[in-house]
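# Remarks on the overall topology
Single-letter residue listing:
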Amino acid sequence: PMTTVAFSYVAIIIVYVMGFFCTVGRILILMGASGGLLQYDNSNPRHIKDKVSLKDETKALAERLDGAQANTWETVPIFATAVIAANITGLPQDSLDILCIVYCVLRLFYILAYVSGVKALSYVRTICFSTNFWICMYMFGYAAANSPRYTDL
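An account of the accompanying structure is given in this report.

Cut-offs applied
- Residues numbered from 1 in each chain as written.
- Predicted model: local features only at pLDDT ≥ 70, side-chain atom pairs only at ≥ 80, totals over all residues.
- Heavy atoms only, no water.
- Helix = DSSP H or I, 4+ residues; strand = E, 2+ residues; numbered from the N terminus.
- Buried < 20%, exposed > 50% of the residue type's maximum accessible area, 1.4 Å probe, protein only.
- Contact = heavy atoms within 4.5 Å.
- Areas by Shrake-Rupley, 256 points an atom, 1.4 Å probe, with all protein chains shown as cover.
- Core = buried A, V, L, I, M, F, W, Y, C linked by side-chain atoms within 4.5 Å.
- Expected span 1.5 Å × (residues − 1).
- Lys, Arg positive; Asp, Glu negative; His and termini not counted.
- Salt bridge = Lys/Arg side-chain N within 4 Å of Asp/Glu carboxyl O.
- Axes fitted to C-alpha atoms, helices over the stretch in contact; angles between N-to-C directions.
- Parallel < 35°, antiparallel > 145°, perpendicular 65-115°, else oblique.
- Left-handed = near helix turned anticlockwise from the far one by under 90°.
- Patch = residues over 30% accessible without salt bridge, like charges linked within 9 Å, V, L, I, M, F, W, Y side chains within 5 Å.
- Bend = angle between axes of the 7 residues up to and from the residue.
- Nonpolar A, V, L, I, M, F, W, Y, C, P; charged D, E, K, R; others polar.

### Some remarks on the overall build of the protein
Secondary structure summary: the protein contains 5 helices and 0 strands in total. For the protein, buried positions account for 35% of its 153 residues. Contacts in the protein between residues at least 24 apart in sequence constitute 73% of all its contacts with a sequence separation of at least 6. With the model as given, the accessible surface of the protein reaches about 9,300 Å², and the carbon-plus-sulfur share is 67%.

### Comments concerning the nonpolar core
Ranked by internal contacts, the top residues of the largest apolar core, which has 28 residues, are Phe79, Ile111 and Met139. Among the elements of the structure, α1 (7-34), α3 (56-88), α4 (93-116) and α5 (121-146) are those that each provide at least two residues to this core. With near-sequence residues (within four places) excluded, isoleucine 111 lies in contact with Met18, Cys22, Ala68 and Thr72.

### Focus on the environment of phenylalanine 21
Its place among the elements puts phenylalanine 21 in helix α1. As for phenylalanine 21 and alanine 68, which are separated by 47 residues in sequence, their C-alpha atoms are 10.0 Å apart.

### Focus on α5
Since the α-helix packs 3.6 residues into each turn, any two residues three or four apart lie on the same face. For α5, with 26 residues, the first-to-last C-alpha span of 38 Å sits near the 38 Å given by 1.5 Å per residue. Listing the buried residues of α5 in full gives Cys128, Asn132, Ile135, Cys136, Met139 and Ala143. Looking at the packing, one finds that the buried side of α5 touches α3 and α4.

### What to know about the side chain of aspartate 97
For aspartate 97, the location among the structural elements is in helix α4. Of the buried charged residues, aspartate 97 lacks a salt bridge, with arginine 107 as the closest side chain of opposite charge at 18 Å. Filtering out sequence-adjacent residues up to four positions away, aspartate 97 remains in contact with Ala6, Phe7 and Ser8.

### Digging into the packing of α4 against α5
α5 packs onto α4 with a crossing angle of 155° between their chain directions and a minimal axis gap of 8 Å. Relative to α5, α4 is oriented roughly antiparallel. Judged by the twist between their axes, the crossing of α4 over α5 is left-handed. On the side of α4, the interface is formed by Leu96, Leu99, Val102, Tyr103, Leu106, Arg107, Phe109, Tyr110, Ala113, Tyr114 and Ser116, while α5 contributes Leu121, Val124, Arg125, Cys128, Phe129, Thr131, Asn132, Ile135, Cys136, Tyr138 and Met139.

### Brief notes about a nonpolar patch on the surface
A contiguous nonpolar patch, built from Val5, Tyr9, Val10, Ile14, Ile84 and Ile88 and spanning about 520 Å² of accessible area, is present on the exposed surface. Sorting the residues of the nonpolar patch by element identifies α1 and α3 as the ones contributing at least two each. Among the elements that make up the nonpolar patch, the one with the highest residue count is α1 (3 residues).

### Remarks on α3
Over its 33 residues, α3 runs 48 Å from end to end, which matches the ideal 48 Å to within 8%, given 1.5 Å per residue. The sharpest bend along α3 reaches about 30° and sits at valine 76, with the proline proline 77 one to four residues further on. Glycine 90 sits one or two positions beyond α3 and adopts a positive phi of about 90°.

### What about the packing of α3 against α4?
The axes of two packed helices give the description: the angle between them and the distance between them. Two numbers describe how α3 lies on α4: the axes approach to 9 Å, and their chain directions differ by 170°. Considered as vectors, α3 and α4 are oriented roughly antiparallel to each other. Where α3 abuts α4, its residues Leu61, Arg64, Leu65, Gly67, Ala68, Asn71, Thr72, Thr75, Phe79, Val83, Ala86 and Asn87 lie against Gln93, Leu96, Cys100, Tyr103, Arg107, Tyr110, Ile111, Tyr114, Val115 and Ser116. Across the contact of α3 with α4, the residue classes break down as 13 nonpolar, 7 polar and 2 charged.

Put into structure tokens, the structure is as follows:
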């Protein structure tokens, strides 16, 4: 029998990988600015921007990529826990998958708005972050309302 993987679990990996791409982008920018791979200090990657002469806009872009990566990875545990709780307590798969697709799209918009450095897009970033917060709270709420009670055991 063929089994299918629920998209909601794949979404956790997608969100994590989005943060990874921010890190890769930051490393590539700093490697290019520092003279390439031989000049890049992988044993101390966070401080290379302080060791090489960077244009202000290059340094700012690297810092925004770092911030987008950090925020993305900070949200992964909450999102993953909400997805697992919703799956365990039976949130209908179609509904859960839609919530996860929306979460992933909004997380991508969040990253793009963050990295762009455009001040007006900071509001888009806030809306994306807030909406994703409420998506997680909805999943937790569903899980809380539909979890077995210890008196039912």
